[in-house]
Amino acid sequence: MPTVAVAFVVGIPVLVIGLLVGYILRKNIAEKTIGSAETKAMNLVLDAENRAEAIKKEMKLEAKEEIHKMRSDMEKEIRDRRNEVSRQEKRINQKEDYIDKKVENIEKKEESITRKENGLIEKGKELDRVIEKQMAELEKISGLTVEEAKQILLANTEKEIRHDASVMIKDIESRAKEEADKKAKEIIVGAIQRCAADHVAESTVSVVNLPNDEMKGRIIGREGRNIRSIENLTGVDLIIDDTPEAVILSGFDPVRREIARLTLEKLITDGRIHPARIEETVEKSTKEVSAIIKDAGEQATFEVGIHNLHPELIKMLGRLKYRTSYGQNVLKHSIEVSHLAGLMASELGLDPKLAKRAGLLHDIGKAIDHEKEGTHVDLGIEVLRKYKESQSVIDGMAAHHGDYEAKTMEAVLVAAADALSAARPGARRETLETYIQRLQKLEEIANTTDGVEKSYAIQAGREIRIAVKPDQVGDDEIPFLAREISKKIEAELEYPGQIKVNVLRETRAIDYAK
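Scope of this entry: the structure provided in the associated data block. The model shown is predicted, which means the values in this text are computed figures rather than measured ones.

## What to know about the overall build of the protein
A tally of helices and strands in the protein yields 14 helices and eight strands. When each of the 514 residues of the protein is scored for burial, the buried share is 29%. Residue pairs at least 24 apart in sequence account for 63% of intrachain contacts in the protein once pairs closer than 6 positions are excluded.

## Things to note about the pairing of strand β7 (residues 463–468)
Where strand β6 (residues 452–458) meets β7, six bridges bridge the pair, whose relative direction is antiparallel. Opposite Ser455, over in β7, you have Ile466 as the bridge partner. The pairing of β7 with strand β8 (residues 500–504) spans five bridges and is parallel. Pairing of Ala467 across the sheet is with Leu504, part of β8.

## Regarding helix α4 (residues 225–234)
Listing the buried residues of α4 in full gives Asn226, Ile227, Ser229, Ile230 and Thr234. Around the axis of α4, the buried residues are gathered within 160 degrees of arc, so they sit on the same side. Turning to α4, the residues buried within the fold contact α3 (214–220), β2 (237–239), α5 (254–270) and α6 (275–304). Positive backbone phi, approximately 75 degrees, marks Gly235, located one or two places after α4.

## Notes on the packing of helix α9 (residues 352–360) against helix α11 (residues 391–398)
Describing two packed helices takes the angle between their axes plus the distance from one axis to the other. Where α9 contacts α11, the two axes come as close as 8 Å, and the packing angle between them is 55 degrees. As the angle between them shows, α9 and α11 are arranged oblique. Handedness of the crossing formed by α9 with α11: right-handed. Two secondary-structure elements touch here, α9 through Leu354, Arg357 and Ala358 and α11 through Ser392, Val393, Gly396 and Met397. Across the contact of α9 with α11, the residue classes tally to four nonpolar, two polar and one charged.

## What about the pattern of salt bridges?
On inspection of all chains with the given rule, the structure shows 17 salt bridges. With a closest N to O distance of 2.9 Å, Glu77 and Arg81 form a salt bridge. Note that Glu77 and Arg81 are positioned in helix α1 (residues 2–142) at a spacing of four residues, about one turn of the helix. The shortest N-O distance in the salt bridge between Asp363 and Lys366 comes to 3.7 Å. Assigned by exposure class, Asp363 and Lys366 land together as buried. Counted as one network, the salt bridges with shared partners bring together Asp270, Arg272, Arg277, Glu280 and Lys284.

## Some words on a nonpolar patch on the surface
Judged by side-chain polarity, Ile17, Val21, Leu25 and Ile29 come together as a nonpolar surface patch covering roughly 390 Å² of accessible area. For Leu25, the position within the fold is in helix α1.

Calculation rules
Residues numbered from 1 in each chain as written. Predicted model: local features only at pLDDT ≥ 70, side-chain atom pairs only at ≥ 80, totals over all residues. Heavy atoms only, no water. Helix = DSSP H or I, 4+ residues; strand = E, 2+ residues; numbered from the N terminus. Buried < 20%, exposed > 50% of the residue type's maximum accessible area, 1.4 Å probe, protein only. Contact = heavy atoms within 4.5 Å. Pairing = 2+ DSSP bridges. Arc of directions from axis to C-beta. Axes fitted to C-alpha atoms, helices over the stretch in contact; angles between N-to-C directions. Parallel < 35°, antiparallel > 145°, perpendicular 65-115°, else oblique. Left-handed = near helix turned anticlockwise from the far one by under 90°. Nonpolar A, V, L, I, M, F, W, Y, C, P; charged D, E, K, R; others polar. Salt bridge = Lys/Arg side-chain N within 4 Å of Asp/Glu carboxyl O. Patch = residues over 30% accessible without salt bridge, like charges linked within 9 Å, V, L, I, M, F, W, Y side chains within 5 Å. Areas by Shrake-Rupley, 256 points an atom, 1.4 Å probe, with all protein chains shown as cover.

This is the structure:
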């Protein structure tokens, strides 16, 4: 224990001395380190200040150089702009000088023109005076006034021009005929040669022959009950008169008239004539006629090669079998028009199917014009639209009488084919009174023309020959006279087809031997 205490007492001083020595040594080392650090820091600060000063000087130098360069560039640009402005001013001054000279020249020219114009006016006045003087002398010498001389000159000039024009017209017409007649005849003749259709007399009555006159009483029946029954069921009037062994059926609807005809023939053959039997026979006849109508329509479409027609349109075509117009059967006329239009369309490189279809349907409105109000053209348009025909077919049908404008070439061909079919010899029959009136009107139009001596309508009104007064109409005026009469006929007369105007001038020379 005492040893430990001694060791403890001795250790404490040693520890204190060690601590003092360590503190002194650490202090010295720290002071040296701090001094060295301060020195290094000062050196670094000095280096930094030196470098900053150097950089500052360099930047100042660079800034001065840049400013100097920019100043030089600006001065150069200013000099260039000044030079350009100077050149522009010089150019403008030159232009102003040029314009001034031009204005001066123009003013001089205007003055010169004004002087010349005044001189020309004076010369014109002088010339007018000379012309007036010469005209007065000419009038004095010739004994004619200016107006009289002008009329003579115009008349002579007109005569020369008419002569030249007449010669030119003859030449053009001869060349045109040579080139066009052959082709036109080939087209039309080729179209017509296969289209000779039969025709029947136009009538609103049908005649039924009886085996004997006693049958008339049986047809009339007790107190007229049989004839009333027939008339009520068929819508046709029965005319029983003094005509031997015949009964006349009168009605505007040809289909009803045909039903009545078949009914009456069946009743006469059967011999049993009473209201119940009449009703049964009318029903059978109606079905029979409907079948005939359908077959006729189908046969017409087959004959012209038209397909895909609406069934109702086929039936309406068949109804035309019993319809006539001016003595021409309308169904056969429609077939003929279809053929003609198709053939001409083929020759001209157009659409023959369209032309045929429009030609076949062009008179379809006549199938119902007894039932509805309106022209057959308007009714036809309504029907074709109802059954969804194309607009081209409707246009071709609508234009065949000129009621509507022809919008396609096929429409023109349909109108031409309609006129050809109606106008060909034997196609239609006119009443004698209408025929005579047309011929008289044709001759009247020709006879009332100046220079015509006499006219003669020949070939059933297809040609008119006109004899002119040779002392009033010269050879060179004949073409003009023929054209004038043709225009009058077109304007004043209605006729099918065309009329040939043949103007004749006869020259006679008479002398006497003594």
